[in-house]
Amino acid sequence: MLAYGLETVARRWPAARPVVVGAALAGVTVSTLAAWIQVGYWRNSVTLFERAVAVTDDNVVAHNNLGLAYLARGETDRATRHFELALDAGPTNAKVNYNLGAQRLRQGRYQEAAAHFSAAIQFAPETSAAYAGLGTVAMHERRFDDALANYEAALAMKPDSDVYRIGRANALYKIGRVDEAAAVLEGLIADGYGGASVYLKLATMRRDLGDREGALVAAEEAARRGPDDGRPQILAAELSFELGDTEQAIERLQQAAALMPRNAAVRVAWGQRLEAAGRTRAAMSRYREALAIDAGQVLAANNLAWLLATSADASLRDGAEAVRLAEACREATQAESFQILDTLA
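Residues numbered from 1 in each chain as written. Predicted model: local features only at pLDDT ≥ 70, side-chain atom pairs only at ≥ 80, totals over all residues. Heavy atoms only, no water.

J.: Can you walk me through the pattern of salt bridges in this structure?
T.: Side chains bearing opposite charge may pair, as long as their charged atoms lie close to each other. Evaluated as defined, the whole model comprises 27 salt bridges. Residues Glu112 and Arg104 are paired through a salt bridge, measuring 3.4 Å at the closest nitrogen-oxygen approach. Since its relative accessible area comes to 33%, Glu112 is described here as partly exposed. Under the relative-accessibility criterion, Arg104 is labelled buried at 6%. The residue Glu180 makes a salt bridge to Arg177 at a minimum N-O spacing of 2.8 Å. Accessibility expressed as a relative area gives 31% for Arg177, which makes it partly exposed. One salt-bridge network, held together by shared partners, links Arg81, Glu84, Arg104, Arg109 and Glu112. (Salt bridge = Lys/Arg side-chain N within 4 Å of Asp/Glu carboxyl O. Buried < 20%, exposed > 50% of the residue type's maximum accessible area, 1.4 Å probe, protein only.)

Listed below in structure tokens is the structure:
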């Protein structure tokens, strides 16, 4: 039962990938622990490890596993504190260094995260997750060559890791080796890894390689596998438009807007495609919706001003509002934008 509980802790916090330390507590035998579990003395993992911390001093295992238990409950501050206490008690413990490094990474404290990942490798060179952690730090710091080297080091130890393979693909993409990055993702898909995010990344890469048809296929699959995510719909809309299917682009953007009701940029893009299709009144409505969400959306304001000033339909024209919007755009950008000046003129 205890082993299952620890496995659950690790499974419920996949982003951090914490390492679960062994279950033997200082001064507590396995048989005694099992007996306590059977009579219900230990109600849950937090209770168990809080009790262990209370009755033992400098218990590395208990503090580390209590940190993991708190992570499973989403109590990240408490988790971090117990990882710190575990490190105080056992500074050469690779697993504790990794877990604290993962927390520092999550907090955006990249230098501290890197120091802990490096310590984990120093004390246990086989810790593949620490190499991947260094890769993620390097990605955040835009050291993409270093990121690639660390992901490849992690893969050398654990070649079947989906997480490490995705990290390697991201690093390859960032250093411009797009064809290799796409090949990595295609390999993941061939191996049965069917996450929507992988298809979305692959769609972006195929588009960069000039394969719009292949990119659209991948984007549509990402949309199918992630029906609550508007991003695949946006990319599919852009690709549809580039391939000459404006109506399909409009339909995709309508779906994206339904999934992202507070996203002004989606409504601007939707309005632009409606405008391209000659549906001026509908385009103006979308620009107004964008401005209702974000009054500082300059592109929406400028596009709306242009239509108010130039529409062939006299019932849609409003010169005074057009000038007001264009003036607001110029003031907001504090730049002599040709597009905005053209609208104002």
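J.: I tried to follow helix α8 (residues 128-140) on my own but got confused; where do I start?
T.: For α8, with 13 residues, the first-to-last C-alpha span of 19 Å sits near the 18 Å given by 1.5 Å per residue. Within α8, 11 of the 13 residues are buried, which leaves the element mostly enclosed by the surrounding structure. Looking at the buried side of α8, the elements it contacts are α6 (94-106), α7 (110-123), α9 (144-157) and α10 (162-174). Immediately beyond the C-terminal end of α8, within one or two residues, lies Arg142, with a positive phi of roughly 60 degrees. (Helix = DSSP H or I, 4+ residues; strand = E, 2+ residues; numbered from the N terminus. Expected span 1.5 Å × (residues − 1). Contact = heavy atoms within 4.5 Å.)

J.: Mind showing me how you'd approach the packing of helix α13 (residues 212-225) against helix α14 (residues 231-242) here?
T.: Helix packing for two helices is described by the angle between their axes and how far apart those axes are. Interhelical geometry of α13 versus α14 gives an angle of 155 degrees and a closest axis separation of 8 Å. Considered as vectors, α13 and α14 are oriented roughly antiparallel to each other. Of the two possible hands of crossing, α13 and α14 adopt the one that is left-handed. Residues Arg212, Ala215, Leu216, Ala219, Ala222 and Ala223 of α13 form the contact with α14, whose participating residues are Pro232, Gln233, Leu235, Ala236, Leu239, Ser240 and Glu242. (Axes fitted to C-alpha atoms, helices over the stretch in contact; angles between N-to-C directions. Parallel < 35°, antiparallel > 145°, perpendicular 65-115°, else oblique. Left-handed = near helix turned anticlockwise from the far one by under 90°.)

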